[in-house]
Amino acid sequence: MSITMIPYSVNIKLAARTLTGTLNLQNKTAVDWGWQGLIAQGCHSSILIIDPKTSQTIQVLERHKANVVKVKWSRENYHHSLSSPYSLRLASADSAGKIIVWDVVSGTAHCEIQEHSKPIQDMDWLWTQDASRDLLLAIHPPNYIVLWNGDTGTKLWKKSYAENILSFSFDPFDPSNLALLTSEGIVFISDFSHSKPPGSGGKKVYIASPHASPAHTKPVPAALPAPTGAKKALNKVKVLITNEKPTAEAVTLNADCLQLSYLPSKRNHMLLLYPREILILDLELSQTVGVVAIERSGVPFIQVIPCAQRDALFCLHENGCITLRVCRSTTAPDESDPEQSVQELVYDLRSQCDAIRVTKTVRPYRMVICPVNENNAALAVSDGRVMLWELKAHVSKPTVNPSSGLSPLYAPVAFCGSPLGQNQKKIQDLSLNTMIGQSLVSGADPPPPSLQQEVQLKFLLTGLLSGLPLPPFALRMCPPLTTKNINHYQPLLAVGTSNGSVLVYNLTSGLLHKDLSVHSCEVKGIEWVSLTSFLSFATSTPNNAGLVRNELQHVDLPTGRCFAFRGEQGNDEPAIEMMKVSHLKQYLVVVFRDKPLELWDVRTGTLLREMAKNFPTVTALEWSPSHNLKSLKKKQLLAREAMARYTTLSDTEQSSVESSVISLLQDAESKSEGGGQAISAREHFVFTDTDGQVYHITVEGNTVKDGARIPPDGSMGSIACIAWKGDTLVLGDVDGNLNFWDLKARLSRGIPTHRGWVKKIRFAPGKGNQKLLVMYTDGAEVWDTKEVNMVSSLRIGRNVNYRILDIDWCTSDKVVLASEDGCIRVLEMAMKSASYRMDEQDLTDPVWCPYLLLPRAALTLKAFLLLQPWSGTFTMDITQVYVSALNGSHINPLDDMKSVLLDPELNLLQRCLLVSRLFGDESDLQFWTVAAHYLQSFAQARHLSVPVPEGQTPAEGTQATPQGHLDIYHDTLCESFYFQRFQLERVHLQEVKRSSYEHTKKCADQLLLLGQTDRAVQLLLETSADNPSYYCDSLKACLVTTITSSGPSQSTIKLVATNMIANGKLAEGVQLLCLIDKAADACRYLQTYGEWNRAAWLAKVRLNPAESSDVLKRWAEHLCSPQVNQKSKAILVLLSLGCFHKVGEMLQSMRYFDRAALFIEACLKYGVMELIGAAFVDYARLLRTLGLRESAAFWASRAGGAGEQLLEELFQGEGAVPEETEGLENTE
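Report follows, based on the coordinates. (Residues numbered from 1 in each chain as written. Predicted model: local features only at pLDDT ≥ 70, side-chain atom pairs only at ≥ 80, totals over all residues. Heavy atoms only, no water.)

## What about the overall build of the protein?
In step 1: On a plain count of helices and strands, the protein comes out with 28 helices and 60 strands.
In step 2: Looking at the protein residue by residue over its 1228 residues, the buried ones come to 54%.
In step 3: Expressed as a percentage of contacts within the protein between residues at least 6 apart in sequence, the contacts between residues at least 24 apart total 56%.
In step 4: Accessible surface for the protein amounts to roughly 52,500 Å². Of this, 52% is attributable to carbon and sulfur atoms. (Helix = DSSP H or I, 4+ residues; strand = E, 2+ residues; numbered from the N terminus. Buried < 20%, exposed > 50% of the residue type's maximum accessible area, 1.4 Å probe, protein only. Contact = heavy atoms within 4.5 Å. Areas by Shrake-Rupley, 256 points an atom, 1.4 Å probe, with all protein chains shown as cover.)

## Structural notes on the sheet that holds strand 28 (residues 376-381)
In step 1: Taken in spatial order, the five strands of this open sheet run 27-28-29-33-30, and their pairing is antiparallel. In this open sheet, the two edge strands, each paired with only one partner strand, are strand 27 (364-369) and strand 30 (409-412). Strand after strand, the sheet turns through a mean of 40 degrees between neighbouring axes, direction not considered. (Pairing = 2+ DSSP bridges. Axes fitted to C-alpha atoms, helices over the stretch in contact; angles between N-to-C directions.)

## Here's the deal with the side chain of R986
In step 1: Among the secondary structure elements, R986 is positioned in helix 13 (residues 976-993).
In step 2: With near-sequence residues (within four places) excluded, R986 lies in contact with R267, N268, H269, D282 and E284.

## Side note on helix 23 (residues 1140-1149)
In step 1: Burial in helix 23 covers these residues: F1140, V1143, G1144, M1146, L1147 and Q1148.
In step 2: For helix 23, the secondary structure elements touched by its buried residues are helix 12 (922-943), helix 21 (1105-1120), helix 22 (1127-1137), helix 24 (1153-1166) and helix 25 (1173-1186).
In step 3: R1151 sits one or two positions beyond helix 23 and adopts a positive phi of about 65 degrees.

## Here's the deal with helix 22
In step 1: A large share of helix 22 lies buried, amounting to eight of its eleven residues.
In step 2: Within helix 22 the residues assigned to the buried category are A1130, I1131, L1132, V1133, L1134, L1135, S1136 and L1137.
In step 3: On its buried face, helix 22 is in contact with helix 12, helix 21, helix 23 and helix 24.

## Looking at the pattern of salt bridges
In step 1: All chains considered together, the criterion is met by 48 salt bridges.
In step 2: Among the salt bridges present, the one from D778 reaches R795, with a minimum N-O distance of 3.3 Å. With a gap of 17 residues between them, D778 in the loop between strand 55 (771-776) and strand 56 (779-784) and R795 in strand 57 (residues 789-795) connect regions that are remote in the sequence.
In step 3: Overlapping salt bridges, with partners in common, bring together R476, E527, R762 and D808 in one network. (Salt bridge = Lys/Arg side-chain N within 4 Å of Asp/Glu carboxyl O.)

## Let's talk about the side chain of N550
In step 1: Counting through the fold element by element, N550 comes out in strand 40 (residues 550-556).
In step 2: A polar contact of 3.0 Å, which involves the side chain of N550, links it to the side chain of E573.
In step 3: Within polar-contact distance, the side chain of N550 engages the backbone oxygen of P574 at 2.8 Å.
In step 4: Those residues in contact with N550, other than ones at most four positions away along the chain, are A538, T539, R566, G570, E573, P574, A575, I576 and F592. (Polar contact = N/O pair within 3.5 Å; in protein donor to acceptor, adjacent residues only side chain to side chain.)

## Focus on the nonpolar core
In step 1: By size, the foremost hydrophobic cluster in this structure holds 166 residues, and its most contacted members are I49, L90, L1098, L1135, F1140, F1159 and W1195.
In step 2: Sort the elements by how many residues they give to this core and helix 12 lands first, with ten residues.
In step 3: Those residues in contact with F1159 that lie beyond four places of it in its chain are F927, W928, A931, L935, L1135, F1140, V1143, G1144 and L1147.
In step 4: Formed by 32 residues, the second largest nonpolar core is a distinct cluster that contains Y489, L507, V518 and I526. (Core = buried A, V, L, I, M, F, W, Y, C linked by side-chain atoms within 4.5 Å.)

## Quick notes on unusual backbone geometry
In step 1: Following P141, the chain continues to P142 via a peptide bond in cis, the omega torsion being -5 degrees.
In step 2: Inspection of the secondary structure assignment puts P142 in the loop between strand 11 (135-140) and strand 12 (144-149).
In step 3: Here the residue pair P471 and P472 is connected by a cis peptide bond, since its omega of 5 degrees sits within 30 degrees of zero.
In step 4: Looking at the element boundaries, P472 is found in the loop between strand 33 (452-465) and strand 34 (474-477).
In step 5: A positive phi angle, close to 40 degrees, is found at S55, a residue other than glycine.

Here it is as structure tokens:
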């Protein structure tokens, strides 16, 4: 019954897609791993979107005309709601200076940006997204930086610099800082803002080797052992950053600087990468504080990525090996010798993955790491492979004798920021900070052994994507879909490659189906002989006599069995030019260069005829679609009936059966020896000779008859190819003429295309489909042979920038083209290369990526994963919640996540953190990390019945929280005691490393602010007598030692300090105030003069909790002001002060309804705050708009009196939507 439903031309739906191959050298830097969980990679002028979890390409974006040189995912550092949904936005830049911002799901461009026509050197999205999340900064060569609005494509400002800019790096702690790596040095910009271009030319610094300036030599302390080999090399590269123009020697130092990046794990630190070392600079001192060097025999670096969650570096080496180096904790086991304790930052090698085999054409290009978890790395190789490495932590037995000299590495025993429950399920190796414990600082107590375990790290290869090999390619699509084979049809495309293998791709999924090594030289042609077998031929390079080795193989796909079709022959003969299989797949014609053609029987593999020596030279050949199979079958049927009748007749009647029937019968039977299958039907082929004469030859069984000849058409040149379908025959010649013959009406029509040599012509499959695909040297065209007009055209230089190497039809309305850029494209008949919509994709494995969903569906899914514990039972059955939203999407929560999300032990904070990780939501993750930490620490302090007034951090003694403290990458959000110790240690390091008077002065200043007066005096007294500041420093030393707390001296110093500040000497005034313990006043002055970060720093290191809390609260207010607009930062500051009620109110006023309600719920659970009912009501309304009615009712009932009205609405008018929610849709 269902068969009748299928229309005549049966068509399988294939998505337009691109199979990509090797990369271009310009694609080297074009790869990025976004918070969205996907990898984008440039391949020639296309961009691949790869899902690393299932290692499949889920989208290919095509719009660039030139090679893609940079791709960057937008940051997800903002609160997501219906008006600012989860969406996949990607910016890509090409070598012609064009930037495109994509909506990846639909494959369309938001906007296109063009300023100059040189390759974009670097670009990135701004990471502070409170004000706007559309801003994109790009370097347009040679020396411009331009800030664009990535949504509209408008230019906000443009600024030029004196030198050529190579790349830039944003300071991850301060949005107004930007560093540019230029051809001569580094330019630091400290007034970067989206509203106006930087005012000054920035602070220029040059990288110089210390030997360039003899004035700065510092005597080496005799106590230190003499430097040995590697150490000596390190001392050589102690790099200074100077403001003077360097000498010639130093310029070379800058020339091989490969990369500059701020460290996201510590404020004011930066790394510079050279082929043989990584330098870690402390920017307050402009001085190297750490060096990672490679031994002489080691493999040089290509790239390094610093992590944020821990002070660790992922390094990529020239042999494709990825190494992970983790900063050594500075707590020295023996504190007896303080000089020894901190010499420099040391990064220990903790893990490395296997190298790849590097050849001329195969070399590693770039690595990217997952920004959400920082424990997955992907390596892009020049041959189009992407290798996915995952970092795994293995619990190891504590070693008795650590021979390696490495201290053991510890991992915290906790999950999502909370201690692990008794039998709680956890996800192993969720992220880098769950695998590696915090780096300890001297003076802080290490966590108790019960809370950590010793681990070793290993890299595991968890995925591999490989591309096509290098072109040229020979393409052939398998026979078309028909009503007869519809049940087992697979759209397979065979691709012959230059190294002799044949790749078979399934075009439904775009995945490699089989990779068969068939030949020893370049495959020249493929012809299918059934749905699962094909013939392919390859020819070696000709010898001096012009003879080659011909290989003609028959390949059976299911078994992979190949055999030489022509047997032993094939060595030292003229090259095969082409082979053609007849329509019924019975016969095969093989045409040679200077040798008569051969005719084979495909079914038996026998040679039927080798043509005589005087046979004309063939220039083009095609089998006719007409044959006598139907009439033969009819005859056979008649004969069988007659036979059956014949055997049942009596003798007398037998004689009356005509003898003709019997002869017919025997004839038919002899032809159907193989049980009716091997009827040899009559088939014809036509070919042309060098003069253009058309020959017609009939083949039946093993008889070959020569038919009529048609004289050449005068208007045509030498015929290059023929195509025949139905009653239409088309000839193409070397001059670009097409001749259309209508065999029924006996008419012919010649059309000059003026496109040069017609290389190939092919009719489309499907009954009555008369479309024709034509290939030229410079492109391709589709013609309609019924109307004799051109349907679409593709021409190099006009609408594409690559040459076409081979063509075929893959369905009745889609073509497949192999091109010189190493890609194979499946295109619509219009041959516009276009990206596809992701929701039309037929993915083999479902992908977890909420960003692929409709905005509303993604938010529903998130609410669903967050809310469940209150519906009593916990299910992962998303369908019952919201079927329509998730329709057609390939979302599949990973199985290990499933069991954890279903675990009743998972508390609310852990759930919020886990879901923000699953969604790759940067702002959520930041908020919940800080919130979870401080909620637990304040709750614990309260539990220990230490009354802590709101706004004060629990005192040092009560810091018995399971996690100890926030890690230093949270900067001023950390606990004061830890922050203080970290800063002290940093000054020690700076002191060891200082090498000029400038440095010594900066160290002394820092020590004074930190209250380390004795050490500061020692440094001040080091000033040499010939230094202009000698007198001043000596007096300062005297002042510091003699400060007494007597009233008059205090008031004098205070007066002097305020005068200094009033006269523009802010830093000096602040120092004096710190000397007389008036640090609170100092902070106030700093804030008055706009030095907010400095004030926060000082409050953290010098003030008691109450005073410091005042300073930080003022800072939070400042951050909320409209001109600063960093409310999300303000919320984090308030969280660290324990002002939970204020945070709840702010979240609600900012309309972050989901975050507000969940946060208040968590606070209630920990008993650190009273209910804000309105927030629950708002959240319930939001849930109702998402269609989650049960959850809405739950929250409304939690809201006390405020929720009563909403509860009534929910239960009285089942279908009615109250007015309030209608406006809610489009507000933030």
